[in-house]
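Understanding the architecture of this molecule
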Amino acid sequence: MLVTLGRSGLMASRIGLGLAALGRPGYINLGHASDLAGHATVTGLEELAVEVLDAAFAGGVRYFDAARSYGQAEAFLASWIQRRGLGPRDITVGSKWGYTYTAGWRTDAKVNEVKDLSLPALQRQWSESKQLLGTSLRLYQIHSATLESGVLNDRGVLDELGRLRDLGMSIGLTVTGPNQADTIEQAVTLARFDVVQATWNLLEQSAGAALATAHSAGLGVIVKEALANGRLTDRGDQPELAELARAVGSSPDAVALAVALKQPWADVVLSGAASVKELQSNLGALQLDLDAQLIDRLYALHEDSATYWNKRAALPWN
């Protein structure tokens, strides 16, 4: 099933594939090291990425989400697109600017990425992304915009994004942190964005109302971290979710994704799968039709927003 990402007009599948865990050996998903066992070299990880990309496409996934900071994710994606003979009519590709990958392919690096939402960073990273992805790149997003960063008040950045938009590029932003809702609301008032991507999951539901407002204003909505970096999978810390998943004959990840897909404002929900097995389990969400009583029980898993983000910040890389 394909949907339109708001006023961007871009077509996407209900479940998309985010490449944060497939472009670099280190990440904060629970069990990431075991997912990459035997694939931690650049060549090995590209082989794994291709396996997952192929399985995703075969499973109906048509939206793929990368970023400059995801190690080699853009390069892996670009190579896969070329080898499979795909184009903008076949898939929609989004990427992001604002972080630079600094881990040097290490999993024990003290600093894995550095944030810079300045105009020079945008200009440099746009050139890098465009060179790799070419005409496949259809959506370019600010990576982890916050009010504190000041990026939504930076006239130079906004004008440059406007220039790219005038050239036909859809422009979006991703948001992060306990004040996501405030950032989304400011972005809506600017009327400069086509798509917003935010964290929403059973543990962190605070952005829901703001995302509904954004959707009503014509923005496409992409949900990221719907599995809370693995906390809402069988590796996680939510026994009630596991019990309810067993009761409906499914897996915790599929149930959590199904609830995200159920949100009336959610166009695309990202899978962050790092293996074909994980991806296939995630895609099981599309077959679930959860009843209202079960969903209400799942909503009760929510945490205070500050608590959620503190726990996320404490997750180790690998």
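Refer to the structure above for everything that follows.
I will try to describe carefully the structure that is included in this document. Small disclaimer: the values here were computed from a predicted structure and weren't measured.

With respect to the nonpolar core
- Residues Leu 77, Trp 97, Ile 142, Ile 184, Phe 193 and Leu 298 are the most contacted members of the largest nonpolar core, which totals 99 residues.
- Contact partners of Ile 142, with chain neighbours within four places excluded, come to Trp 97, Leu 117, Val 151, Leu 152, Leu 161, Gly 172, Leu 173, Thr 174 and Phe 193.
- Ala 12, Tyr 63, Leu 139 and Val 268 belong to the second-largest nonpolar core, a separate cluster that totals ten residues.

Points about the packing of aromatic side chains
- Counting across every chain of the model gives six aromatic pairs.
- When the centroid spacing of 6.3 Å and the interplanar angle of 70° are considered together, the rings of Phe 57 and Trp 80 count as edge-to-face. Separated by 23 residues along the polypeptide, Phe 57 in helix α2 (residues 42-58) and Trp 80 in helix α3 (residues 73-84) bring together distant segments of the chain.
- Take Phe 57: its relative accessible area is 24%, and that puts it in the partly exposed class.
- An aromatic cluster is defined as three or more aromatic residues linked by ring pairs; in this entry it consists of Phe 57, Phe 64 and Trp 80.
- A cation over a ring is seen here: Arg 62 above Phe 57, with NZ or CZ 3.7 Å from the ring centre.

Concerning the layout of surface pockets
- Within this model, the second largest pocket holds a volume of roughly 290 Å³.
- If you go around the second largest pocket, you meet 18 residues; those closest to its centre are Met 1, Arg 14, Leu 261, Ala 285 and Leu 286.
- Per-element tally for the lining of the second largest pocket: the top contributor is helix α9 (residues 252-262), with four residues.
- Its residues assigned to classes, the lining of the second largest pocket comprises twelve nonpolar, three polar and three charged.

Basis of the calculations
Residues numbered from 1 in each chain as written. Predicted model: local features only at pLDDT ≥ 70, side-chain atom pairs only at ≥ 80, totals over all residues. Heavy atoms only, no water. Core = buried A, V, L, I, M, F, W, Y, C linked by side-chain atoms within 4.5 Å. Buried < 20%, exposed > 50% of the residue type's maximum accessible area, 1.4 Å probe, protein only. Contact = heavy atoms within 4.5 Å. Phe/Tyr/Trp six-rings, centres within 6.5 Å; stacked < 30°, edge-to-face > 60°. Helix = DSSP H or I, 4+ residues; strand = E, 2+ residues; numbered from the N terminus. Lys NZ or Arg CZ within 6 Å of the ring centre and 35° of its normal. 1 Å grid on protein atoms, 1.4 Å probe; cavity = no way out; pocket = protein on both sides within 12 Å on 5 of 7 lines; lining within 4 Å. Points joined across faces, edges and corners; volume = space filled by probe spheres on them. Nonpolar A, V, L, I, M, F, W, Y, C, P; charged D, E, K, R; others polar.

Function cannot be read off these values alone, since they describe shape.
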